[in-house]
Amino acid sequence: MERMELMAPAGNFESLQAALDNGADSVYFGVEQLNMRARASINFTIDDLAEIVERCEAKKVRTYLTLNTIIYDHDLSLIKHLLTKAKEAGVTAVIASDQAVIASARSMGIDIHISTQLNITNVETVKFYSLFAETMVLSRELSLRQVKKITEQIQKENITGPSGKPVKIEIFGHGALCMAVSGKCYLSLHSHNSSANRGACKQNCRKKYTVIDQESGFEFEIDNEYMMSPKDLCTINFLDEVMEAGVQVLKIEGRGRAPEYVATVTRAYREAIDAWYEGTYSEEKVEKWMEELSTVYNRGFWSGYYLGQKMGEWSKTSGSQATQKKVYVGKGMHYFPKAGIAEFQIEAYDIKKGDRILVTGPTTGAKEFDLDEMFVNDAAAEKASKGDSCTIKLPFRVRLSDKLYKLVEA
């Protein structure tokens, strides 16, 4: 069996580069509308496809275009246009759930991955979609025992995709979970006429609610838990069980997340997967990875349904529980390649020696480092303040589009 593939999210070029720099084997992304993060992230445009593929091919990273929303008749011409452009650009595969997309992609000779929105829960459904697809994302509600049974049947019965190779099974390994079965929720549609199944979720479930008795008018507030907002999925602490279940593609959720989230999560799971193959996966390493994952956006962690829980574990607070946050400091101005020195203009908060620093940009991705030395207005300094020109020796190129942040405790 091939080594497990680590798939990372990309909502923009910053996140794409962060995924490439931190060990992703593949990336998935949306273009324009008709993907499940149509509003939640800054999506790429059709014109970006060539650059996405070029950057990824340079790192031998596979590219997956998401076209996995509900499709209406008026969308069909756009679907065919997007698929045509994807094929021209050399996109590796399309992630789809609607049969119109599946049929169109198949007729064009484009590889297909079946999205979690199709809610595959048994091997007979795998057999059906194997007529069209090479890879399938299983329902998020399955346990690892159920996943393993499916992967074993694929091997036993030699269930193959159109290429003649055994079907690959993919699962979500980390990130946000929806309270609804495989993401099929209608709350946002009912409340705001904004369909989650068209990539326009308003995230009603993440809010606090007051319950009212219609007969007496009595009200009470659910103040101990956000009863529709699950904690984030995390599998790194039982990744050995995931591997042994025969999963071949591990997917990180987060196309709406910041580039430092993509960098941190991708790097942690890259190290964990490699450690399993090397025989060095251990509790000590898991503790370190969990600490790193806690520094970026999360609602708390739980194991999803993989270990057999019947009910969700709900968030106790609104928003992120990350242990650190970024504070905007300034912007990149120039890079002197021979000296390896970057110049920044400080526009907001101070930075000082010893700070943890983050630089992000469309080509730079997300780079973190400890500030050991800097110069302010051409003189060695302990601190740089608003209005200062600051230079720092860095091993990577800094560009005019780059932003400078410092990382602080949340």
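Because the structure is predicted, anything quoted here is derived from the model rather than measured.

About the cut-offs
Residues numbered from 1 in each chain as written. Predicted model: local features only at pLDDT ≥ 70, side-chain atom pairs only at ≥ 80, totals over all residues. Heavy atoms only, no water. Helix = DSSP H or I, 4+ residues; strand = E, 2+ residues; numbered from the N terminus. Buried < 20%, exposed > 50% of the residue type's maximum accessible area, 1.4 Å probe, protein only. Contact = heavy atoms within 4.5 Å. Areas by Shrake-Rupley, 256 points an atom, 1.4 Å probe, with all protein chains shown as cover. Axes fitted to C-alpha atoms, helices over the stretch in contact; angles between N-to-C directions. Parallel < 35°, antiparallel > 145°, perpendicular 65-115°, else oblique. Left-handed = near helix turned anticlockwise from the far one by under 90°. Nonpolar A, V, L, I, M, F, W, Y, C, P; charged D, E, K, R; others polar. Pairing = 2+ DSSP bridges.

Asker: Any chance you could explain the overall build of the protein here in plain terms?
Answerer: Within the protein, the secondary structure is distributed over 10 helices and 22 strands. Looking at the protein as a whole, 52% of its 410 residues qualify as buried. Partitioning the intrachain contacts of the protein with sequence separation of at least 6 by distance along the chain shows that 68% fall at a separation of at least 24. As displayed, the protein has an accessible area near 19,100 Å², and 50% of this comes from carbon and sulfur atoms.

Asker: Even after reading the chapter, I still don't get the packing of helix H1 (residues 13-21) against helix H2 (residues 49-58), so can you show me in this structure?
Answerer: Packed helices, taken two at a time, are described by the angle between their axes plus the distance between the axes. It is the contact of H1 with H2, at a shortest axis distance of 10 Å, that shows an interaxial angle of 15°. Here H2 runs roughly parallel to H1, going by the angle between their axes. The two elements H1 and H2 meet at a crossing, and its hand is right-handed. Here H1 contributes Phe 13, Leu 16, Gln 17 and Leu 20 to the contact with H2, which in turn contributes Glu 51, Ile 52, Arg 55 and Cys 56. Class assignment for the residues of the contact of H1 with H2 results in 5 nonpolar, 1 polar and 2 charged.

Asker: I keep staring at the sheet that holds strand E14 (residues 341-346) and nothing clicks. Help me out?
Answerer: Whether parallel or antiparallel, the strands of a sheet pair through hydrogen bonds between backbone atoms. Spatially, the 8 strands line up as an open sheet ordered E17-E16-E22-E13-E14-E21-E18-E19, and their pairing is antiparallel. Of all strands in the sheet, those bounded by a partner on one side alone are strand E17 (365-370) and strand E19 (379-380). Bridge count between E14 and strand E21 (residues 389-393): 5 bridges; the pairing is antiparallel. Its bridge partner lying in E21, Ile 341 is registered against Lys 393. In this fold H1 packs onto strand E16 (356-361) and E17, with an angle of close to 65° to the strand it touches most, E17. Here helix H9 (residues 259-278) sits on the sheet in contact with strand E13 (324-336), E16 and E17, set at roughly 75° to E17.

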